[in-house]
Amino acid sequence: MSTVVEALEAWRNGDRDTARALASSAGTRLGDELASYWKSEADGHVYDQPAAFRAFVRGGGNVELYSRLSQALADSYAAHRPSSLLDIGCGDGLAVAPALASHAFERIDLVEPSAALLDLARQRVPSAHTWNSTAQEFTLQLSRRWSAAQATFSLHALEPSERLSVLRRLRPHVDRLVIAEFDVPLASDDLAWLVSRYEMGVAEYPDSLVAQGFLLPVLLGQIVPGAVRSTWEQPISAWRQQLLDAGFAQVDVMPLMSYWWSPAMLVTAY
């Protein structure tokens, strides 16, 4: 593992030849995937051509995670009987579509910045109103209110400087907001910790599609200056405080499951 850490340090410092040599000699799956990735011309974007992302969420520990997530959403609908639903960052509908069997909504709105993923979500939830938009753009033009809103593993894609503003704009328009996020440690940019996590992550997928098309771009985006960044994660305690700062009066936290990256949690604000 230390050799992969050294490879990432070298890459971050701009010593590309040393990084490639170290990754190739590491003798681990992550090292091999990094060596291969650094020979490619990938641009770091993970949602424009979403085959790798879709393979990621449908494999490994995500099979159980999304099953639990959909059930938790369905339980929330059954308990509170909302009339309308807003899903921000719905992806291809993997979480929301199975949950809808528990309750009939009068109106459903799906928001997703990836046109390719939104097309798939539209097929799974044909009755929904769909919006090919970022959360930032969508919340700038809100004119209605929803009794339930959700954002499942999507709000971490907002830059920290924008996230609180989005939540504050959303607050007057939703009665209850459910988010799913990972409870990452404060020092989640520590290279040794990242390598230990990502060695487990790539091991869950036998071929290289997920590693090359999703996991490695996300990893390198967190640590390499100037790289395309896809995630800005934080501890659940920070999510809770941001929701309170946005104007929600109560925030409840429930664990979903243990996961190779960090514990997955369900956070409900109202």
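See above for the structure.
Each value, and the rule that gives it
Residues numbered from 1 in each chain as written. Predicted model: local features only at pLDDT ≥ 70, side-chain atom pairs only at ≥ 80, totals over all residues. Heavy atoms only, no water. Helix = DSSP H or I, 4+ residues; strand = E, 2+ residues; numbered from the N terminus. Rg over C-alpha atoms; globule rule 2.2 N^0.38 Å. Buried < 20%, exposed > 50% of the residue type's maximum accessible area, 1.4 Å probe, protein only. Areas by Shrake-Rupley, 256 points an atom, 1.4 Å probe, with all protein chains shown as cover. Lys, Arg positive; Asp, Glu negative; His and termini not counted. Charge placed at Lys NZ, Arg CZ, Asp CG, Glu CD. Pairing = 2+ DSSP bridges. Axes fitted to C-alpha atoms, helices over the stretch in contact; angles between N-to-C directions. Contact = heavy atoms within 4.5 Å. Expected span 1.5 Å × (residues − 1). Bend = angle between axes of the 7 residues up to and from the residue. 1 Å grid on protein atoms, 1.4 Å probe; cavity = no way out; pocket = protein on both sides within 12 Å on 5 of 7 lines; lining within 4 Å. Points joined across faces, edges and corners; volume = space filled by probe spheres on them. Nonpolar A, V, L, I, M, F, W, Y, C, P; charged D, E, K, R; others polar. Core = buried A, V, L, I, M, F, W, Y, C linked by side-chain atoms within 4.5 Å.

> I tried to follow the overall build of the chain on my own but got confused; where do I start?
A tally of regular secondary structure across the chain gives 12 helices and seven strands. Relative to the globule expectation of 18 Å for 270 residues, the C-alpha radius of gyration of the chain, 19 Å, shows essentially globular dimensions. Each principal axis of the C-alpha distribution contributes one length, and for the chain these read about 55 × 35 × 30 Å. Relative to its 270 residues, the chain shows a buried fraction of 55%. Put simply, the chain shows about 11,700 Å² of open surface, and 50% of that area lies on carbon and sulfur atoms. If the 22 positive side-chain charges of the chain are averaged to one point and the 31 negative ones to another, these points end up 7 Å apart.

> Help me out: how do you make sense of the sheet that holds strand β6 (residues 251–257) in this one?
Sheets are built from strands that pair by backbone hydrogen bonding, the pairs being arranged parallel or antiparallel. Pairing in this open sheet of seven strands is mixed, and the strands run β3-β2-β1-β4-β5-β7-β6 from one edge to the other. Lying at the two open borders of the sheet, with one neighbouring strand each, are β3 (129–131) and β6. Strand-to-strand twist of the sheet, defined as the mean angle between neighbouring strand axes without regard to direction, takes the value 15 degrees. When strand β1 (residues 84–88) meets strand β2 (residues 107–111), the two strands line up parallel, connected through five bridges. By the bridge assignment, Asp 87 is partnered in β2 with Leu 110. Strand contacts of helix α12 (residues 236–245): β5 (177–182), β6 and β7 (264–269), with the helix running at about 155 degrees to β5, the strand carrying the most contacts.

> Honestly, the environment of Ser 237 in this entry has me stumped. Any pointers?
With respect to the helices, strands and loops of the structure, Ser 237 is situated in helix α12. Overall, the relative accessible area of 54% leaves Ser 237 in the exposed class. Note: C-alpha distance between Ser 237 and Val 184 (53 residues apart in sequence) is 9.9 Å.

> Is there a simple way to explain helix α11 (residues 209–223) in this structure?
For an α-helix the count is 3.6 residues per turn, leaving residues at separations of three or four pointing the same way. For α11, which comprises 15 residues, the first-to-last C-alpha distance of 21 Å matches the rise-based estimate of 21 Å (1.5 Å per residue) to within 8%. Where α11 bends most, at Leu 215, the angle is about 40 degrees, and the proline Pro 217 comes one to four residues later. By the criterion of burial, α11 is predominantly enclosed, with 13 of the 15 residues buried.

> Before we go on, may I ask you to explain the pairing of β6 in this structure?
Consecutive side chains along a regular strand alternate between the two faces of the sheet. In this structure, β6 lies alongside β7, joined through six bridges in antiparallel fashion. When the sheet's bridge partners are listed, Met 257 is paired in β7 with Ala 264. With antiparallel pairing between neighbouring strands as the criterion, β6 and β7 make up a hairpin whose turn holds six residues.

> Help me understand the side chain of Ser 154 in this model?
With respect to the helices and strands, Ser 154 occurs in the loop between β4 (148–152) and α9 (160–170). When sequence neighbours within four positions are dropped, the list of residues in contact with Ser 154 reads Ile 88, Gly 89 and Glu 181.

> Explain empty space enclosed by the protein here, please?
Leftover empty space is mapped by rolling, across the atoms, a probe with the size of a water molecule. Evaluated as defined, the whole model comprises one cavity of 30 Å³ or more. Of the pockets and cavities examined, the largest cavity occupies roughly 80 Å³. Forming the walls of the largest cavity are Leu 73, Ser 76, Tyr 77, His 80, Pro 82, Leu 85, Ala 148, Ala 149, Gln 150, Arg 176 and Val 178. Looking at the lining of the largest cavity residue by residue, the class counts come to seven nonpolar, three polar and one charged.

> How should the nonpolar core be read in this particular structure?
The tendency in soluble globular proteins is for nonpolar side chains to be buried as a group. If you look at the biggest cluster of nonpolar residues, it comprises 73 residues, and the most contacted ones within it are Trp 38 and Phe 56. Discounting chain neighbours no more than four positions away, the residues touching Trp 38 are Ala 7, Leu 8, Trp 11, Ala 19, Arg 20, Ala 23 and Leu 220. One finds Leu 86, Leu 142, Ile 179 and Leu 243 within the second-largest nonpolar core, a separate group that totals 26 residues.

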